[in-house]
2 protein chains.
Amino acid sequence: MNRTRFDSWPCSVARSVDLVGDCWSPLILREAFYGERRFEGFLASLGLGRNVLAERLARLTEGGLLKRVPYTERPPRFEYRLTPMGKDFFPVMMALMQWGDTWLSKGKGAPIEVVDRTSGAVVSARVVDARSGKLLTLREVRARPGPGFPKKYKTAKVLARFRVRG
Amino acid sequence: MNRTRFDSWPCSVARSVDLVGDCWSPLILREAFYGERRFEGFLASLGLGRNVLAERLARLTEGGLLKRVPYTERPPRFEYRLTPMGKDFFPVMMALMQWGDTWLSKGKGAPIEVVDRTSGAVVSARVVDARSGKLLTLREVRARPGPGFPKKYKTAKVLARFRVRG
């Protein structure tokens with residue numbers, strides 16, 4: 001792809017964006033979460049070009065979020081199923097959807113509701129700290145280099161940046 | 001911008017993607033969450049082109065995530081501060097970062113850790129249902145048109161799609 005690559009940046013946001021940071025990938029994943037698996041199905045729902053869809057499906061497959069599974073042998077046809085890595089993107093999608101519901105609905109309410117299959121109750125996403133269960137807010141946290149931060153990036157300049165923000 | 005617009009789609013994922021679904025916007029927001037406010041600062045951290053940065057900052061400002069605030073009058077200079085809408089994107093970013101930590105760290109651990117300012121404990125994001133506190137998983141939910149779903153889209157074909165997946 002003809003753009004800056006982020007997959008080797010020491011940042012999980014950059015690495016994630018490298019895989020899904022374009023306008024179509026999140027929508028393809030949304031369709032997959034709705035149950036879509038077939039090329040023609042994605043095409044019909046999203047109305048994008050065949051080339052673009054093929055390129056994005058290949059990228060999501062190569063990146064590990066989807067896997068290609070044959071569903072007929074003659075003619076050979078494949079469908080795209082979510083892998084565990086792909087399914088684990090669902091909470092991120094829910095957080096994004098919730099943010100859109102809050103800020104981009106123009107007071108009309110959520111266009112799509114997500115409900116509990118058993119109880120039918122509307123669910124809405126909240127991002128909390130895994131251990132304390134507290135809502136994660138910008139005000140209460142700070143960032144620092146973690147165990148996976150490459151030594152070569154640990155320059156005084158980079159480290160200062162984290163100190164300053166502390 | 002020369003691409004499909006999603007801001008009028010009846011879907012909060014599409015509307016969100018319309019604003020931040022490119023490779024640079026999430027990284028510009030990441031920098032803003034780290035405390036960056038100045039054009040030259042974003043430029044130095046991200047190493048992107050001036051034109052691209054100016055275009056993305058304008059889009060995020062127009063979209064309501066950032067606001068332009070003058071910090072000197074002579075010469076006139078502006079900085080970019082997060083609005084409440086922009087700050088509310090932080091949990092989405094944390095969920096994305098957590099997903100990247102889990103799936104894209106190649107076993108090396110998180111490149112960046114986020115810690116509680118008071119206790120210093122490492123925090124990690126978990127997306128739960130706001131009411132029940134239960135982890136949101138794909139298996140336990142289904143989608144349906146909500147109060148903000150436009151009547152004109154309520155065709156038999158569209159509604160069937162939600163019924164089938166139920």
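As the structure is a computational prediction, the values presented were derived from the model and not from experiment.

The rules we used
Within each chain, residues carry numbers counting from 1 in the order of the written sequence. By the order in which they are written, chains take letters starting at A while ligands take numbers starting at 1. pLDDT decides what is reported in this predicted model: residues at 70 or higher carry local features, side-chain atom pairs at 80 or more are listed and counted, and totals for whole chains, interfaces and linings draw on all residues regardless. In computing side-chain values, all of the structure's heavy atoms are included and hydrogens and water are not. Here the copies are superposed with least squares, the fitted atoms being C-alpha atoms of residues at a pLDDT of at least 70 in both. Contacts between residues were defined by any pair of non-hydrogen atoms, one from each residue, lying within 4.5 Å. Exposure classes here rest on a 1.4 Å probe applied to the protein chains alone. A residue is buried below 20% of its type maximum, exposed above 50%, and partly exposed in between. Secondary structure elements follow DSSP: runs of H or I no shorter than four residues count as helices, runs of E no shorter than two count as strands, and numbering proceeds from the N terminus. Here a polar contact is taken to be a pair of N or O atoms separated by no more than 3.5 Å, where protein atoms must pair a possible hydrogen donor with a possible acceptor and residues adjacent in sequence count only if both atoms sit in side chains. Only buried residues count toward a nonpolar core. Its members are Ala, Val, Leu, Ile, Met, Phe, Trp, Tyr and Cys residues joined through side-chain atoms within 4.5 Å. What counts as a salt bridge is simple: a side-chain nitrogen of Lys or Arg found within 4 Å of a carboxyl oxygen of Asp or Glu. Here, the term disulfide refers to a pair of cysteine sulfur atoms separated by no more than 2.5 Å. Only the stretch in contact is used when a helix axis is fitted, and all axes are lines through C-alpha atoms; the angle between N-to-C directions ranges over 0 to 180 degrees. For classification purposes, an angle smaller than 35 degrees is called roughly parallel, one larger than 145 roughly antiparallel, one from 65 to 115 roughly perpendicular, and anything else oblique. Left-handed describes a crossing whose near helix is turned anticlockwise from the far helix through less than a right angle; right-handed describes the clockwise counterpart. All amino acids are sorted into three groups, where Ala, Val, Leu, Ile, Met, Phe, Trp, Tyr, Cys and Pro are nonpolar, Asp, Glu, Lys and Arg are charged, and the leftover types, Gly among them, are polar.

Participant: What is the right way to read the relation of the copies chain B and chain A from this model?
Facilitator: Each copy of the sequence occupies a distinct position, and chain B is placed on chain A by a rotation of 180° and an axial shift of 0.0 Å, giving an RMSD of 0.0 Å. Such values leave the two copies arranged in the relation of a two-fold axis. With an isologous cut-off of 70% or more, the 100% of interface residues of chain B that recur at the interface of chain A puts this contact in the isologous class.

Participant: How do you make sense of helix H1 (residues 12–20) of chain A when you look at a structure like this?
Facilitator: Side chains of residues three or four places apart in an α-helix project in the same direction, reflecting 3.6 residues per turn. Of all nine residues in H1(A), nine are buried; the element is thus mostly enclosed. Those residues of H1(A) that sit buried are A:Ser12, A:Val13, A:Ala14, A:Arg15, A:Ser16, A:Val17, A:Asp18, A:Leu19 and A:Val20. Looking at the packing, one finds that the buried side of H1(A) touches helix H2 (25–34), helix H4 (50–62) and helix H5 (84–87) of chain A together with helix H2 (25–34) and helix H6 (90–103) of chain B.

Participant: So what exactly am I meant to see when it comes to the side chain of A:Ser12 here?
Facilitator: Within the secondary structure, A:Ser12 is located in helix H1. Given a relative accessible area of 1%, A:Ser12 falls into the buried group. A polar contact is formed between the side chain of A:Ser12 and the side chain of B:Asp101, at a distance of 2.4 Å.

Participant: Help me out: how do you make sense of the nonpolar core in this one?
Facilitator: Within soluble globular proteins, side chains that are nonpolar tend to cluster in buried spots. With 100 residues, the main nonpolar core has A:Phe89 and B:Phe89 as its most contacted residues. In this structure, A:Phe89 is in contact with A:Val20, A:Leu29, A:Phe33, A:Leu65, B:Leu96 and B:Trp99, ignoring residues within four places of it in sequence.

Participant: I'm lost on the pattern of salt bridges in this one. Help?
Facilitator: Counting across every chain of the model gives 28 salt bridges over all chains. A:Glu55 is the salt-bridge partner of A:Arg56, the closest N and O atoms lying 3.6 Å from each other. A residue is classified by how much of its surface remains accessible, and A:Arg56, at 5% relative accessible area, is buried. Taking the relative accessible area as the measure of exposure, A:Glu55 reaches 33% and is therefore partly exposed. In this structure, A:Glu113 and B:Arg144 form a salt bridge, with 2.9 Å as the shortest nitrogen-oxygen distance.

Participant: Sorry, what's going on with the state of the cysteines here?
Facilitator: By definition, a disulfide links two cysteine residues through a covalent bond between their sulfur atoms. One pass over the full model with this rule turns up zero disulfides over all chains. Counting only cysteine sulfurs, B:Cys23 is the nearest neighbor of A:Cys11, a cysteine outside any disulfide, at a range of 13 Å. A:Cys23 forms no disulfide, and the closest cysteine sulfur to it belongs to B:Cys23, at a distance of 11 Å. Judged by relative accessible area, which is 11%, A:Cys23 ranks as buried.

Participant: Help me understand the packing of helix H6 (residues 90–103) of chain A against H6(B) in this model?
Facilitator: To describe two helices that pack against each other, one gives the angle between their axes and the distance between the axes. Look at H6(A) against H6(B): their axes get within 9 Å of each other, and the N-to-C directions meet at 165°. In terms of orientation, H6(A) lies roughly antiparallel with respect to H6(B). The handedness of the crossing between H6(A) and H6(B) comes out as left-handed. For the pair H6(A) and H6(B), contact is made by A:Val92, A:Ala95, A:Leu96 and A:Trp99 and by B:Val92, B:Ala95, B:Leu96 and B:Trp99, respectively. For the contact of H6(A) with H6(B), a count of residues per class yields eight nonpolar, no polar and no charged.

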